[in-house]
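Each chain is listed here by its residues.
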Amino acid sequence: MSNESNNTPDGKILILATETCAYPGANSVGQAHSSYPANTYILRVRAPVLFPETFYLDCFKKGIGGIIIMACGEECPYDGAFHALSKRLDQVFKTMKAKGLDLRRLRLTAICTVCNRAFLKEVNDMNALIQELGRPTEGEMKAA
Amino acid sequence: MSSNKKESTSEPRVGVYICHCGGNISDHVDVEQVAENIRKIPGVVVSHTNTFMCSDPGQELIQEDIKSGKINRVVVASCAPSLHELTFRNAIKRADMNPYLYDHANIREQDSWVHHGDPATAKATTLVAAAVAKTKRLEPLDPIRVDARNHVIVIGGGMAGLRAALDLSSRGIAVSLIEKSPFLGGQAANLDKLVPTEASAGDLIKQLAQAAVEDPNIQISTCSQIVGFEGYVGNFKVTVQTHPPDADTRRQIIRGITSDKSQVGKMIPFVGYFPSAVPTSEQTRIIDTGVIVFATGFKTYTPRQGEFGFGDFPEVITLPMFIRHMAQAAANDKHLSFNGKKIRRVAMIHCVGSRQIPGIHEADENDYMNEYCSRTCCSATLRAAMEIRENFPKTQVLDFYRDIRTYGRGQEDYYDRASESNVLFFRYEPEDSPLVEKNSSGDFPLKISVKDTLTFGEEIEADVDLIILSVGMEPNPITGLVDMMKLPVGSDRFLQEVHPKLRPVELANTGILLAGTCQAPMDISETCNAAQAAAVKASALLGKGYVELDPFVAGVDLAACSGTGACVDVCPVDAVKLKPVKINGEEVERAEVNPAICTGCGVCVAECPHNAIDVKGWTLKQYEDMVDAIVAA
Ligand SMILES: Cc1cc2nc3c(=O)[nH]c(=O)nc-3n(C[C@H](O)[C@H](O)[C@H](O)COP(=O)(O)OP(=O)(O)OC[C@H]3O[C@@H](n4cnc5c(N)ncnc54)[C@H](O)[C@@H]3O)c2cc1C
Ligand code: SF4
């Protein structure tokens, strides 16, 4: 319970978790009953390459504090998708930088079906960051 | 589907069903409170809770609301969707509603099991609200139905390929078995007695290969490879090229056999089963097939020049070389000898080319490392050690291992028996691997030294006559096929299944299945397990004469599409094409998706400048609405 932060609108973390790797990975954390902050919202995705650059920026504009893309990494079952995603994110990071959004708010990581420790680390790290940064500032939201 | 039309055109009326899961959820989440919160969302017409939503009464609750016309969308909030998504989809279908007008909120694994008290209840409300938001945007979908050919191509004629071919045939499915060499049996042909049953590898191969050759439903093509591929599950078109063995080294080894017709139908030890005379001319043909099973197997690791003295000293050999030597030696010789010399002491080194560690081991010329355990070598090494001790008690055996991994039924016995028969064990750390040197003095050709962790780091040095390297497995090089069929490969270079636990023999490319060691190191029992699983999966796919595919594939909004072709350029599986269409009398090009090829990865969605392409059931707009619901909660 101790590491459950308040579910305040200031600190929401969106997790895009791949259907074949990270989403079952998050379930595996659940099966182990390992607690983590409750301000995390996991969306099941087939491959995060589906999201255009604007999706991420819009999320920040709407007030999402941090986004973790939990992909399958090199184990991605869709040929070429992970590479395309990395390329897209390079672009998103560039835009975020240009607009003055803290780059640490967006994170790409590979989580497997049993990567419990890695999952918890990612979530806790992002939560610590969001507690420090708060939701995107007016300036950041406007820029996004 | 008239009801579908009604469902898609009428205003969404969402029914929400929240599960207690016995107490698994309701002990931590105030489910009644969640139901009440959700009831206030516009469009939600019922919000129920139930002790077990997956039970018959739980499912009936949904079905009654559908039948009475109260609802036309369903949200179930319960355990992980992988467990019961299908259960609820089927329940909805039985109530005559489109099963894809349903979404699932995971409030057990991703909420009540990881959070407690008010935050858990608040999060459950948010997750359900997000699912409601998505559900309102759902459209009725139909599974994609395509005719399927009752035929399977099996690539590779090792144990996996033979087992799969026979099982498929027994289900009435015609099989083409494509083997690149002139022989059947694969790597198992290089083995003798097998762990853990002591069965003869040659006998097992012969049993399967003969049955396959005699089966009129199985067409075997040796000296053959796949050179062309197109199509989709149920309707693949595969080009197979057969050619006489070329003049490479392999042919040198087999020339005597393949030109001798009397060898046809025989199991030739350490070569393979010879099913038919080799072709004398090149031939290319196209085979139409419904499913493809990969059984392309492995190759053994070849140690680098100088790795533990390999290539530098003729007395350093690999385990497969030794197995072959033993099979021939055991029959004739009184004492173990090698290259005409008496072997008084032999050293065996485990994990050669397996479990490599960056920073300690050297990557190969392509910068690859084999970080995995090859799983079969520990047992095979101990078996060989015991065979030496039992047949040649005067020959001492020293065994240098990192860990002993004799997993599986009957395999630990080999370790026990090897210990009992005085095999001497030494354990090494990877950073202090055994050192093999030429012996400058004495009458032993080699010297091996190691820091032995079993004696707390004592430096051990021993003179030996022979060193056997337990080489591991590497996937067979099939880059051509991987590129041609766009197959997913893991970082270990073995073919990568969709899900290691829930869909272990399927590739993401629907209709292409995995059997045996092309997927990971396995012994023959596991290889045959996987082959039988692939055969059953293939027969399940083809059994109805058509295949039904998930409708979660890309769909084009023709009103928005302007034919830029951005989607065509990025699609990794060539599922989108530009097709000429007439709009207002004018001929233009618009994107068209082949749903049977599309994997639904969505790479095209982000690339379309007009948002004219989306993955059905997982649209961008649905995600945006879910984010809005999360932010608003
Ligand atoms: C040293 C050693 C000892 C072992 N000892 C044991 C033991 O005691 N007990 C046990 O159960 N297991 C043992 N094994 C494991 C056993 O060898 C394997 O489980 C088994 O051979 C795997 O069979 P497979 O069909 O998956 O692959 P393979 O035997 O590799 O067969 C693959 C076949 O596919 C063909 N092929 C490859 N690429 C193509 C292509 N592109 N087109 C057409 N054909 C192609 C190959 O020519 C080959 O015939 C041992 C393995 C090793 C390395
Ligand atoms: S089976 Fe044994 S020898 Fe082979 S890689 Fe694994 S631990 Fe090493």
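So, how was this worked out
- Residues numbered from 1 in each chain as written.
- Chains lettered and ligands numbered in written order.
- Predicted model: local features only at pLDDT ≥ 70, side-chain atom pairs only at ≥ 80, totals over all residues.
- Heavy atoms only, no water.
- Core = buried A, V, L, I, M, F, W, Y, C linked by side-chain atoms within 4.5 Å.
- Buried < 20%, exposed > 50% of the residue type's maximum accessible area, 1.4 Å probe, protein only.
- Helix = DSSP H or I, 4+ residues; strand = E, 2+ residues; numbered from the N terminus.
- Contact = heavy atoms within 4.5 Å.
- Salt bridge = Lys/Arg side-chain N within 4 Å of Asp/Glu carboxyl O.
- Domains from an automatic or database assignment.
- Buried area = accessible area lost by both parts, 1.4 Å probe.
- Polar contact = N/O pair within 3.5 Å; in protein donor to acceptor, adjacent residues only side chain to side chain.
- Nonpolar A, V, L, I, M, F, W, Y, C, P; charged D, E, K, R; others polar.
- Near = heavy atom within 4 Å.
- Areas by Shrake-Rupley, 256 points an atom, 1.4 Å probe, with all protein chains shown as cover.

Description of the nonpolar core
Moving on, step 1. In terms of nonpolar packing, the biggest core is built from 165 residues, with Tyr56 of chain A together with Phe294 of chain B touching the most fellow members.
Moving on, step 2. No other element matches the 9 residues that helix 6 (residues 117–136) of chain B contributes to this core.
Moving on, step 3. Once residues within four sequence positions are removed from consideration, Tyr56 of chain A is found in contact with Leu16, Pro48, Phe51, Ile67, Ile69, Leu85, Leu89, Val92 and Leu106 of chain A.
Moving on, step 4. The next biggest cluster of nonpolar side chains, apart from the first, holds 26 residues, and it includes Phe270, Leu319, Met326 and Leu336 of chain B.

Notes on the pattern of salt bridges
Residue and element names in this part refer to chain B.
Moving on, step 1. What the rule picks out here adds up to 33 salt bridges over all chains.
Moving on, step 2. Here Glu362 ties to Arg304 by a salt bridge, and the two come within 3.5 Å at their closest N and O atoms. Residue Glu362 is located in the loop between strand 19 (345–352) and helix 11 (377–391), and its partner Arg304 is located in the loop between strand 15 (298–300) and strand 16 (316–318); the two are separated by 58 residues in the primary sequence.
Moving on, step 3. Residue Lys621 is joined to Glu624 by a salt bridge in which the shortest nitrogen-to-oxygen separation is 3.4 Å. Residue Lys621 and its partner Glu624 are both found in helix 17 (residues 620–632); the two are separated by 3 residues, about one turn of the helix.
Moving on, step 4. Among the residues examined, Lys621 registers a relative accessible area of 39% and is labelled partly exposed.
Moving on, step 5. Through salt bridges that share partners, Arg137, Lys621, Glu624 and Asp625 make up one connected network.

Some thoughts on the domain arrangement of chain B
For interface size, the figure often reported is the accessible area lost on association.
Residue and element names in this part refer to chain B.
Moving on, step 1. Partitioning chain B into domains gives domain 1 (2–142), domain 2 (151–297 + 476–547), domain 3 (307–473) and domain 4 (554–615).
Moving on, step 2. Contacts between domain 2 and domain 4 engage 4 residues on the former and 7 residues on the latter.
Moving on, step 3. Summing the contributions of domain 2 and of domain 4, the shared interface buries around 390 Å²; its carbon and sulfur component is 64%.
Moving on, step 4. Remark: the boundary between domain 2 and domain 4 carries 0 salt bridges.
Moving on, step 5. Counting every contact that joins domain 2 to domain 4 gives 0 residue pairs in polar contact (both at pLDDT 80 or more).
Moving on, step 6. Of the residues that constitute the side of domain 2 that touches domain 4, the class distribution is 2 nonpolar, 1 polar and 1 charged.

Remarks on the interface of chain B and chain A
Moving on, step 1. Chain B puts 48 residues into the contact, and the matching count from chain A is 45 residues.
Moving on, step 2. The junction of chain B with chain A conceals about 4200 Å² of combined surface from both sides, 61% of it contributed by carbon and sulfur atoms.
Moving on, step 3. Three residues, Gln110, Trp618 and Tyr623 of chain B, lead the burial of chain B against chain A; their summed loss comes to 14% of the area buried on that side.
Moving on, step 4. Remark: the boundary between chain B and chain A carries 3 salt bridges.
Moving on, step 5. Here Arg44 of chain A ties to Glu85 of chain B by a salt bridge, and the two come within 2.7 Å at their closest N and O atoms.
Moving on, step 6. There are 14 residue pairs in polar contact (both at pLDDT 80 or more) connecting chain B and chain A.
Moving on, step 7. Only helix 4 (81–94), helix 5 (108–112), helix 6, helix 16 (603–607) and helix 17 of chain B provide two or more residues apiece to the side of chain B that touches chain A.

Side note on the site of ligand 2
Residue and element names in this part refer to chain B.
Moving on, step 1. For ligand 2, the full set of nearby residues is His350, Cys351, Ser354, Arg355, Cys373, Ser374, Arg375, Cys377, Cys378, Asp403 and Arg405.
Moving on, step 2. Counting residues per element, the ones that place at least two in the shell around ligand 2 are strand 19 and helix 11.
Moving on, step 3. Each residue belonging to the shell around ligand 2 can be placed in one class, and the counts come to 4 nonpolar, 3 polar and 4 charged.

Considerations on the site of ligand 1
Residues and elements named next belong to chain B.
Moving on, step 1. Taken together, 35 residues sit near ligand 1, with Glu179, Gln187, Thr517, Met522 and Ile524 positioned nearest.
Moving on, step 2. Glu179 has a polar side-chain atom sitting 2.6 Å from an oxygen atom of ligand 1.
Moving on, step 3. Backbone polar atom of Val195 to an oxygen atom of ligand 1: 2.8 Å apart, as the coordinates give it.
Moving on, step 4. Taking 1000 Å² as the accessible area of ligand 1 by itself, protein coverage stands at 95%.
Moving on, step 5. Looking at the shell around ligand 1, the elements with two or more residues in it are helix 7 (159–170), strand 9 (224–232), strand 15 and helix 14 (524–542).
Moving on, step 6. A per-class count over the shell around ligand 1 returns 17 nonpolar, 15 polar and 3 charged.

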